[in-house]
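Reading the structure
Chain by chain, the residues:
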Amino acid sequence: MIGGLKFSSSRTFFFFISIGMVLTNAIVVLFWHTSVLTTGMENARQQLSLLTHIYAKGKDLDNQARFHDAMLATMVQLDARCVWLVAEKEMVFGQEEHCLAGLGKVLDDAQSSGTSVRYFSHNPLVSLFVPSSYAHLAVPFQDSLQERGVIGLTIPLSVYWLDLLKQERVIAGCLLVQALVMTTLAFFRLSHSIFRPVDRLIRLADTYQGINNYHFTGSASVGELGQLSSAVRSMLQRIDRDRSALEHTIQQLEGANRDLEQNRHEMVRAEKMAVTGRLAAGLAHEIGNPLGVVGGYLELLKKENIDWEEKLEFIRRSEGELARINGLVRQLVDCSRPSPAAQEDVHANPLVVSVVETIRQGRKPENVPFDLQIEAGQDLVCINSDGLRQVLYNVVLNAIDAVLEQHGQQGGEISLVTSNQPDPSRWQVTIRDNGIGLGPEEQASVFDPFFTTKPPGSGTGLGLTVSRSLVEGMGGRMEFRSEEHQGATVCITLPLCEAGGAGCEKIRQGGAEYES
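Rules behind the numbers
- Residues numbered from 1 in each chain as written.
- Predicted model: local features only at pLDDT ≥ 70, side-chain atom pairs only at ≥ 80, totals over all residues.
- Heavy atoms only, no water.
- Helix = DSSP H or I, 4+ residues; strand = E, 2+ residues; numbered from the N terminus.
- Buried < 20%, exposed > 50% of the residue type's maximum accessible area, 1.4 Å probe, protein only.
- Contact = heavy atoms within 4.5 Å.
- Pairing = 2+ DSSP bridges.
- Axes fitted to C-alpha atoms, helices over the stretch in contact; angles between N-to-C directions.
- Expected span 1.5 Å × (residues − 1).
- Arc of directions from axis to C-beta.
- Phe/Tyr/Trp six-rings, centres within 6.5 Å; stacked < 30°, edge-to-face > 60°.
- Salt bridge = Lys/Arg side-chain N within 4 Å of Asp/Glu carboxyl O.
- Polar contact = N/O pair within 3.5 Å; in protein donor to acceptor, adjacent residues only side chain to side chain.
- pLDDT = per-residue confidence, 0-100.
- Left-handed = near helix turned anticlockwise from the far one by under 90°.
- Nonpolar A, V, L, I, M, F, W, Y, C, P; charged D, E, K, R; others polar.

1. Structural notes on the overall build of the protein chain
Broken down by element type, the protein chain carries eleven helices and twelve strands. Counting only residues that meet the buried cut, the protein chain has 40% of its 516 residues in that class. For the protein chain, the proportion of contacts with a sequence separation of at least 24, taken over those separated by at least 6, is 68%.

In structure tokens:
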């Protein structure tokens, strides 16, 4: 960055120094041109005066020849385009009409005024850009016979510019060298006073590693750089203080998160045990009946007047009842055992069927029908199967309670429908009941911890709170809709696994990534 600043600064200094020198040179050239032009006109006037002296010495052939030679020499020396003598006779050297036209008027003015007359066809300052720019000069005189005459000549103004341009090439080279030298001197001066301190400031800032590591420019630094160093030092001190406060806050938040996670797990376990207790209460009756049947068969087996085939039949029936008891106990154990944290690829439709069958055999009154519709063609999801089973138990048991409260033993109905609609990339199960329902104010708090509409001792108020937490942990969403005395609808949506399990891997890594 400093390298670019050095280059840019050097280029800028060179540009402005060059511009300043060019402007200064232009002003000098203008004054120089004016001086050269004045000197040239004075020289031309002297040459014309010398010609008039030669002409006035006599009109013999030798003098006329000397005058003719002197006039030609003057034209060559002054680079004149034409010379015009008006006396006893006229003599014209050069036949350029535009020169003679301008010179004729100057001759008339000089002869009438009796003084030298100078006239420029264009402004001398712009004559470099106008090729047809001329200076006309006329000088009156008297010959030996006291006869008055006038002589004049025309000189192109470009003659004076050409001489200046020849010298200007040397001057331009000197100016270029001078600009380079001044740029170099300015660069070294700025490098010492600005570039090096800023470069050192940047290097030290890049190597800044922690608290109290901000030794920038020395205390002797003054001016803007000293103020910059002090400001940066103060800024880093504030950063250190803020970082220490942030680290302390992060530690507190980590501790709070650990406490919240621990409380969450405790809530899940407590609610799971509550659900297990409710299931156990329902299963007690179902287990008692098979035990009574088995006991009856055992009493019959004690009798001696029963043939062997009947005994075998009683044994087979007893085994069937025991198998039924074993299945009920296993279902209860599956519901209450700790859930593993890892998620796995699971087909969700059979899990819904399993939950419904368990509740049918245990908790559900016979007069509350279940309408189970498996419409989801794709049901492979990446979930904690025990967690989803607990969620379904919570929701269905709540629906049973709501139906019994609204309709008693007659008229209740619960439906469970799985589908891939409206989003084909997700699996959805919708549980509807025609129970007591909830009002708008109660719906706003339905997922709040410890919120319950049941009588004291009948619920913990954690069921839906824990259920939504479990669903969101699987990357899904849980919604509750209800109208008072019109039943309730709970919709659980989970993302489907992609081919090859790539979608499940994303869920494991990203947590709840569901987009509503």
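From this point, things continue past the structure.
2. Topic: the sheet that holds strand β7 (residues 370-374)
The five strands lie next to each other as β7-β9-β10-β12-β11, forming an open sheet whose pairing is mixed. Strands with a single pairing partner mark the edges of an open sheet, and in this sheet they are β7 and β11 (477-482). Sheet twist, expressed as the mean angle between neighbouring strand axes with direction ignored, is 10 degrees. Bridge count between β7 and strand β9 (residues 414-419): five bridges; the pairing is parallel. Bridged to Phe-370 within β9 is Ile-414. The strands that helix α8 (residues 385-407) touches are β7, β9, β10 (426-433), β11 and β12 (488-495); relative to β10, the one it contacts most, it runs at about 20 degrees. Each of β11 and β12 touches helix α10 (residues 463-473); the most contacted strand, β11, lies at about 140 degrees to it.

3. Observations concerning helix α2 (residues 61-78)
For α2, which comprises 18 residues, the first-to-last C-alpha distance of 26 Å matches the rise-based estimate of 26 Å (1.5 Å per residue) to within 8%. Of all the residues in α2, the buried ones are Asn-63, Gln-64, Phe-67, Ala-70, Met-71, Thr-74, Met-75 and Leu-78. On an axial view of α2, the arc spanned by its buried residues comes to 140 degrees, and they lie on one face. Projecting away from the buried face of α2 at angles above 90 degrees are the exposed residues Leu-61, Asp-62, Val-76 and Gln-77. Looking one or two places after α2, you find Asp-79, whose phi comes out positive at around 55 degrees.

4. Some remarks on the sheet that holds strand β2 (residues 90-93)
Here we have five strands laid out as an open sheet, ordered β2-β1-β5-β4-β3, and antiparallel in their pairing. In this open sheet, the two strands that pair with only one neighbour each are β2 and β3 (117-120). Taken pair by pair, the neighbouring strands of this sheet meet at an average axis angle of 10 degrees, ignoring direction. Relative to strand β4 (residues 134-142), β3 is paired through four bridges, and the arrangement is antiparallel. Within the sheet, the bridge partner assigned to Arg-118 lies in β4 and is Leu-137. Contacting β1 (82-86), β2 and β5 (148-156), α2 crosses the sheet at an angle of about 35 degrees to β2.

5. As for the environment of Cys-82
If you trace the backbone, Cys-82 turns up in strand β1. In this structure the C-alpha to C-alpha distance between Cys-82 and Ile-155, which are 73 residues apart in sequence, comes to 7.8 Å. Beyond its immediate sequence surroundings of up to four residues, Cys-82 is in contact with Met-75, Phe-93, Gly-94, Cys-99, Leu-100, Leu-103, Gly-152, Leu-153 and Thr-154.

6. Thoughts on α10
Listing the buried residues of α10 in full gives Gly-463, Leu-464, Thr-465, Val-466, Ser-467, Leu-470 and Val-471. Of the residues trailing α10, Gly-475 is marked for its positive phi of about 85 degrees.

7. Considering the packing of aromatic side chains
To describe a pair of aromatic rings, one takes the distance between the centres and the angle between the planes. Considering all chains together, one arrives at three aromatic pairs under this definition. Between Phe-15 and Phe-16, the aromatic rings sit 5.4 Å apart at their centres with planes inclined by 75 degrees, giving edge-to-face as the arrangement. What makes Phe-15 partly exposed here is its relative accessible area of 48%. The structure contains a cluster of three or more aromatic residues connected by ring pairs, namely Tyr-55, Phe-67 and Phe-141.

8. Considering unusual backbone geometry
For residues besides glycine, phi is generally negative; the peptide bonds are generally trans as well. Residue Gln-421 is joined to Pro-422 through a cis peptide bond whose omega torsion reads 5 degrees. Mapped onto the fold, Pro-422 is located in the loop between β9 and β10. You will see that Asp-79, though not glycine, has its phi angle at about 55 degrees, which is positive. Inspection of the secondary structure puts Asp-79 in the loop between α2 and β1. Asp-79 sits in the partly exposed class, given a relative accessible area of 32%.

9. A word on the pattern of salt bridges
A complete count under the given rule lists ten salt bridges for this structure. The partner of Arg-45 in a salt bridge is Glu-42, and the shortest N-O contact between them spans 2.8 Å. Within this pair, Arg-45 and its partner Glu-42 are both found in helix α1 (residues 2-56), separated by three residues, close to a single helical turn. Exposure remark for Arg-45: the relative accessible area of 29% places this residue in the partly exposed category. The partly exposed category is assigned to Glu-42, whose relative accessible area is 34%. For Arg-426, the salt bridge identified is with Asp-423, shortest N-O distance 3.3 Å.

10. Considering the side chain of Asp-379
Within the secondary structure layout, Asp-379 lies in the loop between β7 and β8 (380-383). Reaching out from Asp-379, the side chain makes a polar contact with the backbone nitrogen of Asn-349 at a distance of 3.0 Å. With sequence-adjacent residues up to four places away left out, Asp-379 is seen in contact with Val-346, His-347, Ala-348, Asn-349, Pro-350, Trp-427 and Leu-496.

11. Examining the confidence of the model for the protein chain
Put simply, the protein chain has an average pLDDT of 78, and 80% of its residues get 70 or more. Across residues 506-516 the pLDDT falls below 50, and counting only partners more than four positions away or on other chains, this stretch makes 21 contacts in the model.

12. Describing the packing of α8 against α10
Taken N-terminus to C-terminus, the directions of α8 and α10 make an angle of 145 degrees; their axes are 9 Å apart at the nearest point. By crossing handedness, the relation of α8 to α10 is classed as left-handed. For the pair α8 and α10, contact is made by Gly-387, Gln-390, Val-391, Asn-394 and Asn-398 and by Gly-463, Leu-464, Val-466, Ser-467, Leu-470 and Val-471, respectively. A class-by-class count of the residues in the contact of α8 with α10 yields five nonpolar, six polar and no charged.

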